[in-house]
Amino acid sequence: MEAPGLVVGSALRAAQPPPPPPLPRSPRGAADRLLIFSREPRPRLAPLTRCYCSREGKGNARSKPHREGSNSVRLNVKANNDQETYLADERHEGVDIWELFSEAQRNILHLNKQRLVAMEELKKLQDENKSLLQDIEVLETERQGFSIEIAESSRFSELLLRIDTMTISGMVGMTEASDLRKKVIDNRYMIHSVFSDIHHKQDTELLSELRLFLRKPAEKPLHVVHICSEMDPITSRGSLATYVTGLSSALQRKGNLVEVILPKYAGINEDVIHFLRKAEADYESYYGGCWHKNRIWTGISSGVSLTLIEPVQLSYFDRDMLRGYPDDFERFSYFSRASLDYIVKSGKQPDVLHVHNWETAIVGPLFWDIFAHQGLGNTRILLTCQDLTSQCLEVPNMLELCGLDPHKLHRPDRLQDNSETNLVNVLKGGIVYSNKVLLMSSTLPRDMAIQGLGHGLEATLTTHKEKVLVASHGLDGELWDPSKDIYLPQRYSPNDIEGKSFCRKTLKRRVGLHSGSSVVVGCICNGDSNTDGLREAVRVALHGGAQVIFMENKGPVMNSTVQALKEELKGDRVMFVEIYDEALEHLIFAGSDIFLCSSFYDPSLQIAIRAIKYGSAPVQINFPSNGSRQTEWHDYPSTALSQYIISTYGDMSLSQALDGIKNNPSQWDWRIKDAMSKVLSWDAECYDLHWEAYSVIRKL
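Computed from a predicted model, the values in this text were never measured in an experiment.

About the thresholds
Counting of residues starts from 1 at the beginning of each chain's written sequence and follows it residue by residue. Local features in this predicted model are restricted to residues whose pLDDT is 70 or higher, and side-chain atom pairs enter the listing and the counts only when it is 80 or higher, whereas totals over whole chains, interfaces and linings include all residues. To get the side-chain values, take all heavy atoms of the structure and skip hydrogens and water. What counts as a helix is a DSSP run of H or I of at least four residues, what counts as a strand is a run of E of at least two, and both are numbered from the N terminus. Per-residue accessibility, obtained with a 1.4 Å probe over protein chains only, is compared with the maximum for each type, and a residue is labelled buried under 20%, exposed over 50%, and partly exposed between these values. Two residues qualify as a contact provided that any one of their heavy atoms is within 4.5 Å of a heavy atom in the partner residue. Computed with a 1.4 Å probe, the accessible areas rest on the Shrake-Rupley method; for each residue, only the protein chains presented here act as cover. In this analysis, axes come from line fits to C-alpha atoms, helices being fitted only over the stretch in contact, and the angle between any two N-to-C directions falls in the range 0 to 180 degrees. In what follows, roughly perpendicular refers to angles from 65 to 115 degrees, roughly parallel to angles under 35, roughly antiparallel to angles over 145, and oblique to any angle outside these ranges. Charged means Asp, Glu, Lys or Arg here, nonpolar means Ala, Val, Leu, Ile, Met, Phe, Trp, Tyr, Cys or Pro, and polar covers whatever is left, Gly included. The salt bridge criterion pairs a side-chain nitrogen of Lys or Arg with a carboxyl oxygen of Asp or Glu, the two atoms within 4 Å. At least two bridges found by DSSP between two strands is the condition for calling them paired. With strands facing away from the observer, any crossover in which the path from the first strand over the helix to the second runs clockwise is taken as right-handed. Residues belong to a common nonpolar core when they are buried Ala, Val, Leu, Ile, Met, Phe, Trp, Tyr or Cys residues joined through side-chain atoms within 4.5 Å. Between the rings of Phe, Tyr and Trp (Trp by its six-membered ring), a pair exists once the centres lie within 6.5 Å; its type follows the angle of the planes, with under 30 degrees stacked, over 60 edge-to-face, and the other angles tilted. In this scheme, a helix's expected span is set at 1.5 Å multiplied by one less than its residue total.

**Observations regarding the overall build of the chain**
Looking only at helices and strands, one finds 23 helices and 19 strands in the chain. Every one of the 700 residues in the chain was classed for burial, and the buried ones make up 45%. Contacts spanning at least 24 positions in sequence make up 73% of the contacts within the chain whose residues lie at least 6 apart. Taken as a whole, the chain presents about 36,600 Å² of accessible surface, with 53% of it coming from carbon and sulfur.

What follows is the structure in structure tokens.
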């Protein structure tokens, strides 16, 4: 029987049974779409084997296969039939590829949707993580506060027990022991600050301290009420915020009663206020010829009692910014008057009303002209000036809004401005009507602060020189301490400095600097940063082989210093962080060997003292090109803190610091450890200076 011929081309297509109809499609889930390219292929026509096709024999429609080997077959077919088969196969493949392409497009769209959903989920997780971290910080703060309470209670109990053992051993008689116990019990809240490390002291040494304490006159705890425009971390724009919080916490730890009164701004950070609640009753205060209702909110922040005043009828504080509006005098004079009305109507009788800057300086004239005779006869006024450049000048008639008499006050010895005599100066009024004035200056002595920083108020400050004091800022010992900083990958102290090297490596990796032994120069830029000085500092640092890191300072308005420098300074040894990051700020202080400061004239000096505490040398950037650091105030420091900073870092240029690290590392390490061991907290010199001011005015 003759073998059947090989059917090709259209004949082959006719001979094959028709393909089965496509199965109905069901909606695919995500899994189906992900597996779209791995499904079983649809039935297709078997492709012709195209191997060594010859065209022998003209006009011969068929040709028998000629076997040339076990793995190859030679076919003799018509040229046109072979071409038809190839084109049909290509068309079939084209249809299938187009379908796969359409499916792929649908798959990509679906994956994009899934990606957006995943990004939303990630954002939620990040927000939850941030919330958890905040909760952890709150718990850590509460735990630390609880630990402090335990430590204070333990010291008090241990001191009484040591008196018992001294009595039994015969070191003290029963009468003296009774007097010592009474003194300790009556001053319980001061024990923690007066006696330290008593379990390491011998009975003879401790008894000597107890006898000195017994002879010391009893100091009645103070009741201080701050009337101010900001407080960290509730609402913050400048150094005043950290000052109010740091000083209030230190006063409270020493056994004093401290309260803070603030405006209730629209953008206030309520998350950091514990037990925030609205009072059930409103109260009225006078302003602009009539009485206005105010809503009271109370809470606790940083362990300090807090009162927020919210005007019901006026929108003075329902705004984006704390200040910077044309009606700022109306806003803060209203708040000052409302605060005094609240104190009187609540029956408070504080020892000291502590007011701050021009924003609440009007409290002085208001107090003595209106409120001193309303049950506040024993209260006194202390004014703190963080910065004398902002004074608030107004036309005299504006004083009538809060109930003051402009004809009585628009005089040279009262509120009349020293230069523009047609206006009243609110800050001058605060100086004249306060019992004590504190100028916050971390480096200048009183006389130079009066003459050099008076800004037109030199005559007024000189006239009231006997009540002017100079005080320095402190450091938050709980937040800024490398030995217990929760933001650091490894903690360290003067006695165990190894963790600083690890922090330096982590910082370099975090910001993208190459690793190595290069010195790191850090800088937290603010609106007052000198761009020219920073540019010169970078040049010096790079010439000395250092790496430089810049970051924007925390604040409501981002400044353009970093952006301006970034456009000019390029290279793999200069890094810029344009968005403030609290955790990274702590790491920059810990990982830097040198820290750039705008000036040591800064009244808060927070950058310098944080750098010192974290083992980084503070260096001023406003120095001449020849590196000279001669200053006329070098020999006249005002406080112990300023004496140390000026004597250690006052004459040090950036190039000198780099040379010191490179050429004399052992001496440099000793200097750094010695600086870290200094007590820079609010409880130290800053507290003592303020206590002196409070004590003096309480006796007036």
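**A word on the packing of helix α7 (residues 239-253) against helix α23 (residues 682-698)**
A pair of packed helices can be characterised by two numbers: the angle between their axes and the separation between those axes. Relative to each other, α7 and α23 sit at 85 degrees, their axes nearing to 10 Å. With respect to α23, the element α7 is oriented roughly perpendicular. Along the contact surface, α7 presents Thr242, Tyr243, Gly246, Leu247, Ala250, Leu251 and Arg253, while α23 presents Trp682, Asp683, Tyr687, His690 and Tyr694. Here the contact of α7 with α23 is built from residues that sort into seven nonpolar, three polar and two charged.

**A short note on the pattern of salt bridges**
Taken as a whole and judged by the stated rule, the model has 23 salt bridges. Across the pair Glu478 and Lys484 runs a salt bridge, and its minimum N-O distance is 3.3 Å. The exposure class of Glu478 is partly exposed, given its relative accessible area of 31%. Across the pair Asp532 and Arg535 runs a salt bridge whose closest N-O atoms are separated by 2.7 Å. With a gap of three residues between them, Asp532 and Arg535 both fall in helix α16 (residues 531-543), about one helical turn apart. Taking relative accessible area as the criterion, Asp532 reaches 52% and is therefore assigned exposed. Via salt bridges that share partners, Glu230, Arg323 and Glu359 belong to a single interconnected network.

**Observations concerning the pairing of strand β3 (residues 223-227)**
Burial of β3 is extensive: five of the five residues sit out of reach of the surface. Alternating residues of β3 divide into His223, Val225 and Ile227 and Val224 and His226, and every residue in both groups is buried. Pairing of β3 with strand β4 (residues 257-263) involves five bridges; the strand directions are parallel. Bridge pairing in β4 links Ile227 to Ile261. For the handedness criterion, the β-α-β arrangement of β3, α7 and β4 is classed as right-handed. With four bridges connecting them, β3 and strand β9 (residues 352-356) associate as parallel partners. Looking across to β9, one finds that Val225 is bridged to Leu353.

**Side note on the nonpolar core**
Counting residues in each nonpolar core, the largest one holds 65 residues, and the members touching the most others are Phe550, Ile594 and Leu654. For Ile594, the residues in contact, after removing those within four places along its chain, are Val519, Val520, Val521, Gly522, Ser616, Ala617, Val619, Leu654, Ala657, Leu658 and Ile661. Formed by 56 residues, the second largest nonpolar core is a distinct cluster that contains Val355, Val437, Ala449 and Ile450.

**A closer look at the packing of aromatic side chains**
Considering all chains together, one arrives at 18 aromatic pairs under this definition. For the pair Phe317 and Phe332, a centre-to-centre distance of 6.1 Å together with 65 degrees between the ring planes defines the contact as edge-to-face. Within this pair, whereas Phe317 is found in the loop between β8 (304-311) and α8 (328-345), its partner Phe332 is found in helix α8, the two being separated by 15 residues in sequence. Since its relative accessible area comes to 3%, Phe317 is described here as buried. Judged by centre distance (4.9 Å) and plane angle (85 degrees), the rings of Phe367 and Trp368 are edge-to-face.

**Considering the pairing of strand β6 (residues 283-287)**
On β6, burial follows the alternation: Tyr283, Ser285 and Tyr287 on one face are buried, whereas Glu284 and Tyr286 on the facing-out side are not. Here β6 pairs with strand β7 (residues 290-301) via five bridges, running antiparallel. Within β7, the position partnered with Ser285 by the bridge is His292. Where β6 folds back onto β7 in an antiparallel hairpin, the turn is made up of two residues, including Gly288, whose phi is positive at roughly 65 degrees.

**A few points about the sheet that holds strand β15 (residues 520-525)**
One open sheet holds the five strands; their spatial order is β17-β16-β15-β18-β19, and the pairing between them is parallel. Two strands close off the open sheet at either side, each with one partner strand: β17 (574-577) and β19 (617-620). If you compare each strand with its neighbour and ignore which way they point, the axes differ by 25 degrees on average. Sheet topology note: the β15/strand β18 (residues 594-597) ladder contains two bridges and is parallel. Bridge assignment links Gly522 to a residue of β18, and that residue is Phe595. Contacts from helix α21 (residues 654-663) reach β15, β18 and β19 within the one sheet, and its direction differs from that of β18 by about 170 degrees.

**Brief notes about helix α15 (residues 498-511)**
When the terminal C-alpha atoms of α15 are compared, their 21 Å separation across 14 residues agrees well with the 20 Å that a helix rising 1.5 Å per residue should span. When α15 is considered as a whole, its buried residues turn out to be Gly499, Lys500, Cys503, Arg504, Thr506, Leu507, Lys508 and Val511. In this structure, the buried residues of α15 make contact with β15, β16 (547-552), β17 and α18 (582-591). Positioned one or two residues after α15, Gly512 has a phi angle of 95 degrees, which is positive.

**Details of the side chain of Ser229**
In this structure, Ser229 sits in the loop between β3 and α7. Discounting residues that sit within four places of it in the chain, Ser229 has contacts with Thr235, Leu240, Leu262, Pro263, Tyr265, Leu322, Arg323, Phe332 and Glu359.

**Here we look at the environment of Asp164**
Within the secondary structure layout, Asp164 lies in helix α3 (residues 79-169). On the accessibility criterion, Asp164 (29% relative accessible area) is partly exposed. Sequence separation of Asp164 and Ser178 is 14 residues, and the distance between their C-alpha atoms is 9.7 Å.

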